[in-house]
Amino acid sequence: MRITTRLIAVSDLGNREIARRAGLPMQKISDLLAGRLEQLNLDELQTLRTTIDHELTPS
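Note that the structure is predicted; figures quoted are calculated from it, not measured.

Quick notes on the overall build of the protein chain
Okay, step 1: Along the protein chain, the regular secondary structure elements total four helices and zero strands.
Okay, step 2: N-terminal to C-terminal, the α/β element order of the protein chain is α-α-α-α.
Okay, step 3: Residues counted as buried form 34% of the 59 residues belonging to the protein chain.
Okay, step 4: Taking as baseline every contact in the protein chain between residues at least 6 positions apart, the subset at least 24 positions apart corresponds to 55%.
Okay, step 5: Of the accessible surface of the protein chain, which amounts to about 4000 Å², a share of 48% is contributed by carbon and sulfur atoms.

Considerations on the packing of helix H1 (residues 2-10) against helix H3 (residues 26-33)
Okay, step 1: For the pair H1 and H3, the least separation of the axes is 10 Å and the interaxial angle reads 115°. Between H1 and H3, the angle is such that the two are roughly perpendicular. Remark: the crossing between H1 and H3 carries left-handed chirality. Every residue of H3 that contacts H1 at Thr4, Thr5 and Ile8 is listed here: Ile29, Leu32 and Leu33.
Okay, step 2: Grouping the amino acids of the contact of H1 with H3 by side-chain chemistry returns four nonpolar, two polar and no charged.

Digging into the nonpolar core
Okay, step 1: Formed by 13 residues in total, the largest nonpolar core has its most connected members in Ile8, Ile18, Leu24, Ile29, Leu32, Leu48 and Ile52.
Okay, step 2: At the level of secondary structure, the elements contributing two or more residues to this core comprise H1, helix H2 (15-22), H3 and helix H4 (42-56).

A closer look at the environment of Leu32
Okay, step 1: Take Leu32: it is sitting in helix H3.
Okay, step 2: Classification of Leu32 by relative accessible area gives buried; the value is 1%.
Okay, step 3: Along the primary structure Leu32 and Thr5 are separated by 27 residues, whereas in three dimensions their C-alpha atoms are 7.2 Å apart.

Digging into the environment of Arg20
Okay, step 1: Residue position: Arg20 is located in helix H2.
Okay, step 2: Judged by its relative accessible area of 56%, Arg20 is exposed.
Okay, step 3: Spatially, the C-alpha atoms of Arg20 and Thr51 are 9.9 Å apart, while their sequence positions differ by 31 residues.

The rules we used
Residues numbered from 1 in each chain as written. Predicted model: local features only at pLDDT ≥ 70, side-chain atom pairs only at ≥ 80, totals over all residues. Heavy atoms only, no water. Helix = DSSP H or I, 4+ residues; strand = E, 2+ residues; numbered from the N terminus. Buried < 20%, exposed > 50% of the residue type's maximum accessible area, 1.4 Å probe, protein only. Contact = heavy atoms within 4.5 Å. Areas by Shrake-Rupley, 256 points an atom, 1.4 Å probe, with all protein chains shown as cover. Axes fitted to C-alpha atoms, helices over the stretch in contact; angles between N-to-C directions. Parallel < 35°, antiparallel > 145°, perpendicular 65-115°, else oblique. Left-handed = near helix turned anticlockwise from the far one by under 90°. Nonpolar A, V, L, I, M, F, W, Y, C, P; charged D, E, K, R; others polar. Core = buried A, V, L, I, M, F, W, Y, C linked by side-chain atoms within 4.5 Å.

This is how it looks when you write it as structure tokens:
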């Protein structure tokens, strides 16, 4: 979780764009950043991590 929240923080994308690309509601991103990890399931966290990793990995 900490790695994912840090990746969100250093991403050039805004939280809304990250949520859109991951197919998650913006509220889920807000919950994660507020430390409410229980609001996301493992699949959602993995999708979010994959989405951010693709954005940060150079082509």
